[in-house]
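In case you want the letters, here they are:
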Amino acid sequence: MQPTQRTDEVPFHLTGAFAPVFEERTDRDLTVIGELPPDLCGTYVRNGPNPRSGTSPAWFAGDGMLHAVRFEGGRARGYRNRWIRGPYAPNTNVVRHAGRILSLVEARLPVEVSADLETVGPYDFGGVLARSMTAHPKICPRTGELLFFAYGAEPPHLTFYRADARGEVVQSTPIDVPKATYLHDFAITARCAVFYDLPVLVSSFKSPAPFAWDDGYRARIGIVPRDGRDEDVRWFDVAPCTISHTVNAFEDGDTVVLDAIRAPRLFTPHALYRYTFDLRTGKVAEETLDPRFVDFPRVHPAFQGAAYRDAYAVELCDFARGGFGRTRLHKYDVARGTSVVHDFGSGQMPGEAVVAPRPDATAEDDAWVLLFVHDDRGPSALVVLDAQRFDGDPVATVRLPCRVPFGFHGAWLPDGA
Ligand SMILES: [Fe+2]
């Protein structure tokens with residue numbers, strides 16, 4: 001099925017690269033251009049909105065559909081896509097922790113799915129989660145813990161959770177904030193969690209316009225020990241802003257460094273931005289690392305919460321003209337503030353890239369970068385880039401049997417992990 005043409009009547013999220021697909025497929029032994037590394041073994045899976053009815057009031061409102069490509073022994077063994085089933089279908093992200101694969105959206109409980117993407121059902125961590133879970137939990141590479149939060153219009157507006165490596169929730173900490181504010185993502189370091197309390201108020205997720213900017217709301221970022229209580233939060237006043245996604249955060253002596261995708265107002269282009277919080281003096285320094293509108297940041301999973309150098313993000317080149325239009329991919333060196341661009345060319349729209357570390361790698365960028373690329377003229381591709389030759393030809397391009405609409409977030413699920 002060809003995507004609907006965009007018109008004045010049809011919003012961007014139902015046309016072109018965003019248009020939904022209507023078929024669930026299972027295809028085996030895909031054609032590969034180039035050579036897949038034999039030690040790239042596992043499954044890449046990505047979530048995104050795909051309204052069953054063909055229409056939805058907003059991009060983020062569509063039913064979630066997972067798309068997966070399986071790699072084994074230097075071959076692309078198959079492609080599969082499935083809707084999440086049930087009364088609601090989380091559409092934002094997917095995470096695997098303690099043997100469970102969870103489909104996530106921030107306003108609802110996660111939905112567990114099987115390895116072949118079939119819906120198991122809502123998952124509440126054994127009755128611990130009452131309402132919702134962020135779509136951006138963090139897996140600590142040192143402890144194997146899953147750190148996450150829930151937020152919402154009803155008090156407590158913010159609760160921080162820590163699950164151990166077996167998936168048991170061992171801590172839930174309400175954090176006192178004056179009002180419910182938009183909180184799509186947070187950050188962790190080796191010892192801390194970092195929360196944003198910014199001037200975008202949440203009315204109700206049932207409202208068609210759940211978020212509103214409030215000039216009178218004090219913009220703060222809070223740092224709390226991972227095993228701390230509400231009274232342990234150190235709040236830092238920052239310039240008013242909104243943050244869509246965290247790139248990464250880490251401790252450096254008496255400072256905490258936070259890299260995030262930040263804009264000075266709602267619905268304006270976001271930039272790559274750095275905060276440095278001085279825990280001794282209580283001062284915070286702010287700087288723009290790249291003023292271009294980038295989002296969908298990812299880092300190497302073993303560098304989550306640790307000093308790092310490489311970040312990958314999608315540049316939204318045509319945002320001012322509505323929708324995203326054209327995208328291209330950046331590999332940042334955040335220590336230097338530089339980036340290398342991979343531009344897939346006209347009509348090719350790369351989405352979020354995930355990092356698949358090479359087994360036994362020692363360098364941070366000794367890794368592959370995996371992503372779906374939407375082609376205006378036909379089926380999509382799964383592209384594998386060598387992170388060390390980021391602007392070079394892809395290592396491999398896997399031809400997919402159908403379009404994969406531009407979506408949200410995904411995960412690399414390596415075999416044996
Ligand atoms: Fe997100």
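Scroll up for the structure.
Starting from 1, residues in each chain are numbered consecutively following that chain's sequence as written. Reporting in this predicted model follows two pLDDT cut-offs: at least 70 for local features of residues, and 80 or more for side-chain atom pairs to be given and counted; totals over whole chains, interfaces and linings ignore these cut-offs and use all residues. To obtain the side-chain values, all non-hydrogen atoms of the structure were included, while hydrogens and water were left out.

Undergrad: How do you make sense of the overall build of the chain when you look at a structure like this?
TA: Each helix and strand in the chain was counted, giving zero helices and 33 strands. The C-alpha atoms of the chain give 20 Å as radius of gyration, which agrees with the globular expectation for 417 residues (22 Å, within 12%). Dimensions of the chain, computed from C-alpha atoms along their principal axes, come out at roughly 55 × 50 × 45 Å. When the 417 residues of the chain are sorted by exposure, 57% land in the buried category. Contacts between residues were defined by any pair of non-hydrogen atoms, one from each residue, lying within 4.5 Å. When contacts within the chain are restricted to residue pairs at least 6 apart in sequence, those whose partners lie at least 24 apart make up 54%. All tallies of charge rest on Lys and Arg as positive and Asp and Glu as negative; His and the ends of each chain are not included. Note that the charge is assigned to NZ on lysines, CZ on arginines, CG on aspartates and CD on glutamates. Within the chain, the 54 negative side-chain charges are centred at a point lying 2 Å from the centre of the 45 positive side-chain charges. Numbering of helices and strands runs from the N terminus, with a helix taken as a DSSP run of H or I at least four residues long and a strand as a DSSP run of E at least two residues long. Radius of gyration means the value over C-alpha atoms here, while the globule rule gives 2.2 Å times the residue count to the 0.38 power. Classification of residues uses two cut-offs on accessible area relative to the type maximum, computed with a 1.4 Å probe and protein chains only: under 20% is buried, over 50% is exposed, and between them is partly exposed.

Undergrad: Is there a simple way to think about unusual backbone geometry in this case?
TA: The phi angle of most residues is negative, glycine excepted, and most peptide bonds adopt the trans form. In this structure, Pro156 follows Pro155 across a cis peptide bond, with omega equal to -5°. Mapping Pro156 onto the fold places it in the loop between β11 (146-151) and β12 (158-163). Positive phi values are uncommon outside glycine, yet Phe125 reaches one of about 55°. Its place among the elements puts Phe125 in the loop between β9 (119-122) and β10 (138-139).

Undergrad: What am I meant to see in the sheet that holds strand β26 (residues 327-333) here?
TA: Sheet strands associate in pairs through backbone hydrogen bonding, adopting either a parallel or an antiparallel arrangement. Note: two strands are recorded as paired if DSSP finds a minimum of 2 bridges between them. Spatial ordering of the open sheet is given by β24-β25-β26-β27, a layout of four strands whose pairing is antiparallel. Since the sheet does not close on itself, it has two edges, and those belong to β24 (294-298) and β27 (338-342), each with one partner. Recorded for the sheet is a direction-independent mean angle of 30° between the axes of neighbouring strands. Every angle, taken between N-to-C directions, lies between 0 and 180 degrees, and every axis is a line fitted to C-alpha atoms, over only the stretch in contact when it is a helix.

Undergrad: Looking at this model, I keep getting lost on the packing of aromatic side chains. Mind explaining?
TA: Remark: the centre distance and the inter-plane angle together describe each pair of aromatic rings, the angle taken between the planes. Any two of the Phe, Tyr and Trp rings considered here, Trp counted by its six-membered ring, make a pair once their centres fall within 6.5 Å; the pair's planes then place it as stacked at under 30 degrees, edge-to-face at over 60, or tilted in between. Summed over all chains, the structure comprises 23 aromatic pairs. Relative to Tyr275, the ring of Tyr273 has its centre 5.1 Å away and its plane inclined at 65°; by these criteria the two rings are edge-to-face. Under the relative-accessibility criterion, Tyr273 is labelled buried at 8%. Connected via pairs of aromatic rings, a cluster forms that spans Phe12, Phe18, Trp59, Phe296, Phe406 and Phe408.

Undergrad: Could you clarify how one ought to interpret the coordination of the iron ion in this entry?
TA: Tetrahedral metal sites with four donors have an ideal angle of 109.5 degrees; octahedral sites with six donors have ideal angles of 90 or 180 degrees. Protein coordination at the iron ion comes from His136 (NE2), His184 (NE2), His245 (NE2) and His409 (NE2), with a distance range of 2.0 to 2.2 Å. Water is not part of the atom set, so a site may look incomplete; the donors themselves are N, O and S atoms within 2.8 Å of the metal, or 3.2 Å for Na, K and Ca. Between 85 and 135 degrees for all angles marks four donors as tetrahedral; over 155 degrees for opposite donors together with 65 to 115 for all other angles marks four donors as square planar and six as octahedral; every other arrangement is irregular. For the iron ion, the four donor atoms in the first shell make angles of 91 to 167° at the metal, a pattern classed as irregular. Counting gaps between the donor residues of the iron ion yields the pattern H-x47-H-x60-H-x163-H. Of this pair, His136 sits in the loop between β9 and β10 while His184 sits in the loop between β13 (169-174) and β14 (187-188), placing them 48 residues apart in sequence.

Undergrad: Please explain the sheet that holds β10 as it appears in this structure.
TA: Taking strand neighbours across the sheet as the criterion, the four strands line up as β10-β11-β12-β13 in an open arrangement whose pairing is antiparallel. Edge positions in the sheet fall to β10 and β13, since each of these pairs with one other strand and no more. Looking at chain direction, β12 and β13 are connected through five bridges and run antiparallel. Opposite Arg162, over in β13, you have Gln171 as the bridge partner.

Undergrad: I tried to follow the nonpolar core on my own but got confused; where do I start?
TA: Residues belong to a common nonpolar core when they are buried Ala, Val, Leu, Ile, Met, Phe, Trp, Tyr or Cys residues joined through side-chain atoms within 4.5 Å. Within the largest apolar cluster, 40 residues are counted, with the highest numbers of intra-cluster contacts made by Phe195, Tyr196, Ile221, Leu258, Tyr275 and Phe277. Per element, the largest residue contribution to this core is five residues, and it comes from strand β15 (residues 192-197). Not counting the four nearest positions on each side in its chain, Tyr196 is found in contact with Thr181, Leu183, Asp185, Phe186, Ala187, Arg220, Ile221, Ile243, Thr246 and Leu258.

Undergrad: Can you walk me through the state of the cysteines in this structure?
TA: Should the sulfur atoms of two cysteines be covalently bonded, the bond is a disulfide. Cysteine sulfur atoms that come within 2.5 Å of each other are treated as a disulfide pair. With the rule as written, the count across this model stands at zero disulfides. Free cysteine Cys192: the closest other cysteine sulfur is in Cys140, separated by 12 Å.

Undergrad: How do you make sense of the side chain of Asp27 when you look at a structure like this?
TA: Relative to the helices and strands, Asp27 resides in strand β1 (residues 26-28). On the accessibility criterion, Asp27 (17% relative accessible area) is buried. In protein, a polar contact means a hydrogen-donor-capable atom and an acceptor-capable atom, both N or O and within 3.5 Å, with residues adjacent in sequence counting only if both atoms are side-chain atoms; elsewhere, any N or O pair within 3.5 Å suffices. Polar contacts involving the side chain of Asp27 include one to the side chain of Arg25, which spans 2.9 Å. Those residues in contact with Asp27, other than ones at most four positions away along the chain, are Arg77, Gly78, Tyr79 and Pro401.

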